Amino acid sequence: MSGKRESVVDVQGTVEDGFEPVRDAFAANFARRGERGAAVAVYRHGHKVVDLWGGTKDGDAAADGPVPPAPWEAGTSQLIRSASKGIAAIVPLLLHQRGQLDLDAPVGTYWPEFKAAGKERVLVRHLLSHRAGLPVLDTPLTPAQAIDGVSGPAAVAAQAPVWEPGTDHGYHAQTYSWLIGELVLRVTGRTIGSWIAEEISGPLGLDLWLGLPEAAQSHVGRLASVETPLPPASTGLRVRPKRTVADAYADPDSLTSRSFAAISPAPDENAPAYRAAELPASAGIATARSLARCYAALIGAVDEHPRLFAPATLTLARTEESAGPDRTLLVNTRFGLGFMLHGPASPLLAPGSFGHPGRGGALACADPESGIAFGYITNGMQKNVTADPRAQALLRAVSHVVG
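Residues numbered from 1 in each chain as written. Predicted model: local features only at pLDDT ≥ 70, side-chain atom pairs only at ≥ 80, totals over all residues. Heavy atoms only, no water.

### Notes on the overall build of the protein chain
Worth spelling out the cut-off: Counting from the N terminus, the helices are DSSP H or I runs at least four residues long and the strands are E runs at least two residues long. Throughout, radius of gyration means the C-alpha value; the globule benchmark is 2.2 Å times the number of residues raised to the power 0.38. Three labels apply to residues, based on accessible area from a 1.4 Å probe with only protein chains included: buried if under 20% of the type maximum, exposed if over 50%, partly exposed otherwise in between. Contact definition: two residues touch when any of their heavy atoms are within 4.5 Å. The protein chains shown are the only cover counted for residues, whose accessible areas, like all others here, come from Shrake-Rupley with a 1.4 Å probe. Asp and Glu are treated as the negative residues and Lys and Arg as the positive ones, with His and the ends of the chain left uncounted. To locate a charge, take atom NZ for lysine, CZ for arginine, CG for aspartate or CD for glutamate.
Helix and strand counts for the protein chain stand at 13 helices and 14 strands. Computed over the C-alpha atoms, the radius of gyration of the protein chain is 20 Å, within 12% of the 22 Å expected from 2.2 N^0.38 for a compact globule of 403 residues. Relative to its full complement of 403 residues, the protein chain shows a buried share of 54%. A separation of at least 24 residues holds for 68% of the contacts in the protein chain among residues at least 6 apart in sequence. Taken as a whole, the protein chain presents about 16500 Å² of accessible surface, with 53% of it coming from carbon and sulfur. On the protein chain, the mean spot of the 36 positive side-chain charges and the mean spot of the 40 negative ones are 4 Å from each other.

### Brief notes about unusual backbone geometry
Residues serine 264 and proline 265 are joined by a peptide bond in cis, for which omega reads 0°. Non-glycine residue arginine 81 carries a positive phi angle of around 45°. Here arginine 81 shows up in the loop between strand S4 (78-79) and helix H2 (83-97). One non-glycine residue, leucine 330, adopts positive backbone phi at about 65°.

### Some details on the sheet that holds strand S7 (residues 285-286)
Threshold: Strands are treated as partners if at least two bridges between them are detected by DSSP.
Strand order in this open sheet of three strands is S4-S7-S5, and the pairing throughout is antiparallel. At either margin of the open sheet sits one strand with a lone partner, and together these are S4 and strand S5 (208-209). Judged from the two bridges that link them, S4 and S7 form a sheet pairing that is antiparallel. Within the sheet, the bridge partner assigned to glutamine 78 lies in S7 and is alanine 286.

### What about the packing of H2 against helix H11 (residues 288-299)?
Rules: To obtain an axis, a line is fitted to C-alpha atoms, over the contacting stretch when the element is a helix, and the angle between two such axes runs from 0 to 180 degrees between their N-to-C directions. Should the near helix be turned anticlockwise from the far one by less than a right angle, the crossing is left-handed, and should it be turned clockwise, the crossing is right-handed. Here the nonpolar group is Ala, Val, Leu, Ile, Met, Phe, Trp, Tyr, Cys and Pro; Asp, Glu, Lys and Arg are the charged ones; every other residue, Gly included, is treated as polar.
Relative orientation of the contacting elements H2 and H11 amounts to 35°, with a least axis distance of 12 Å. The two elements H2 and H11 cross, and the hand of that crossing is left-handed. Where H2 abuts H11, its residues Gly86, Ile87 and Ile90 lie against Leu291, Cys294, Tyr295 and Leu298. Residue composition of the contact of H2 with H11, by class: six nonpolar, one polar and no charged.

### Quick notes on empty space enclosed by the protein
How we decide: Residues are called lining when one of their atoms sits within 4 Å of a cavity or pocket point, these points coming from a 1 Å grid over the protein atoms alone, where a cavity is a set in which a 1.4 Å probe fits but cannot get out and a pocket is an open set with protein on both sides within 12 Å along at least five of seven lines. Grid points are joined across faces, edges and corners, and a volume is the space filled by probe spheres set on the points.
As enumerated under the stated definition, the model contains four cavities of 30 Å³ or more in all. Its boundaries defined by the atoms lining it, the largest cavity holds a volume of some 60 Å³. What lines the largest cavity is a set of 15 residues, and nearest its centre among them are Pro357, Ala362, Thr386, Ala387 and Asp388. Here the residues of the lining of the largest cavity are counted per class, giving eight nonpolar, six polar and one charged.

### Quick word on the confidence of the model for the protein chain
For the record, the criterion: The score called pLDDT rates the predictor's confidence residue by residue, from a low of 0 to a high of 100.
Scored by pLDDT, the protein chain has a mean of 93; 95% of the residues are at 70 or more. A low-confidence stretch, residues 1-6 stays under pLDDT 50, and its non-local contacts, those more than four residues away or across chains, total zero contacts. Of the regions scoring below 50 in pLDDT, residues 233-239 engages in four contacts with residues more than four places distant in sequence or in other chains.

### Brief notes about the nonpolar core
Going by this rule: Remark: nonpolar core denotes a set of buried residues (Ala, Val, Leu, Ile, Met, Phe, Trp, Tyr, Cys) joined through side-chain atoms within 4.5 Å.
Counting residues in hydrophobic clusters, the biggest one holds 86 residues, and the most contacted among them are Ile200, Phe339 and Phe354. Of all hydrophobic cores here, the second largest spans 24 residues; its members include Ala25, Phe26, Val40 and Ile372.

### Focus on H2
Note the cut-off: Take the number of residues in a helix, subtract one, and multiply by 1.5 Å to get its expected span.
Given a rise of 1.5 Å per residue, 15 residues ought to cover 21 Å, and the 22 Å separating the end C-alpha atoms of H2 matches this to within 8%. Most of H2 is tucked away, with 13 of its 15 residues classed as buried. Two residues or fewer past H2, glycine 99 is found with a positive phi of approximately 80°.

### With respect to the environment of alanine 38
Its place among the elements puts alanine 38 in strand S2 (residues 37-44). Here alanine 38 falls in the buried class, since its relative accessible area comes to 0%. Ignoring sequence-local partners within four residues, the contact set of alanine 38 consists of Phe26, Phe30, Leu52, Trp53, Gly54, Trp72, Tyr376, Ile377 and Thr378.

What follows is the structure, given as structure tokens:
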């Protein structure tokens, strides 16, 4: 008897009664959607109801190598790329909540050097809603410059906007790091990574970092690029980008390419130095359960911890600031203050949801109406920016459960 043996992934973890469809969808990601190693967690009304993981720790591990690949474990964390932006956005919103930051003040009020090159009227809210007109750098930074804490802020302070600030929006893929990071430093005297560690991760007991400590390096899986399997023809799903979007990514002179290439050449995301860098746009590291727990704390109490966002702050987080054609991504996007909002380009749980995806896989979000907070991480980076098919399958399963 012969034939191809199907590889079965042993899904670990727990789900509460009623949430079994999430486990089924998670297992199906390995069987049908190219998953290599991943974790997903869900909180509802401050209580953890899903905590699952499976596959291999490293996305580039060879299954047929001389040494068996290390398994994904309960404490495995992963770099989450742009899902970091949502975590970073919590900081200025909490500073505003505490009366330390005026969202309608010019950025130059806190950061005088930023006023250069016609940016005197760029407001704090413009940075958070991708309306500052600063998605690119005329002179890209090297990977070493990007993480030195000085070159990035100096570059965006000197950069002239590519559109009139406040009049339109376009995703600030990399420059968001230095814009938000330096603003927080000027307001608080602390780096944004230190602020998150002391004010959020520490009190909530999170394995979530913006600036990974040396002691945690061994728990982080390695990222690798993987192909996105084509869906069955009958589904009608399209996983390849529109031709115009693909052309923009292929054109080195386009706003799209230049935005993602603000660091050039592309950094090694698995390098310890990159993981240790405080890059709010792209280098956050977390477990899935910590992402879900963090978002749960934004919308309600978690265990003995009171909610982080006051009702007015929660309203700010998910009130639309930018919507429509995105000059960088070339699709219709919706942003609140630092968070992506539910829409066709980045479907979340429900119309009132807010969160942020990471290019190639990760997603974290919350839906105040249902009390759901969701976190998904993966080591297999597929070719997508805002709507990964694996994360979407898990969201659909959660939505099915909560109605």
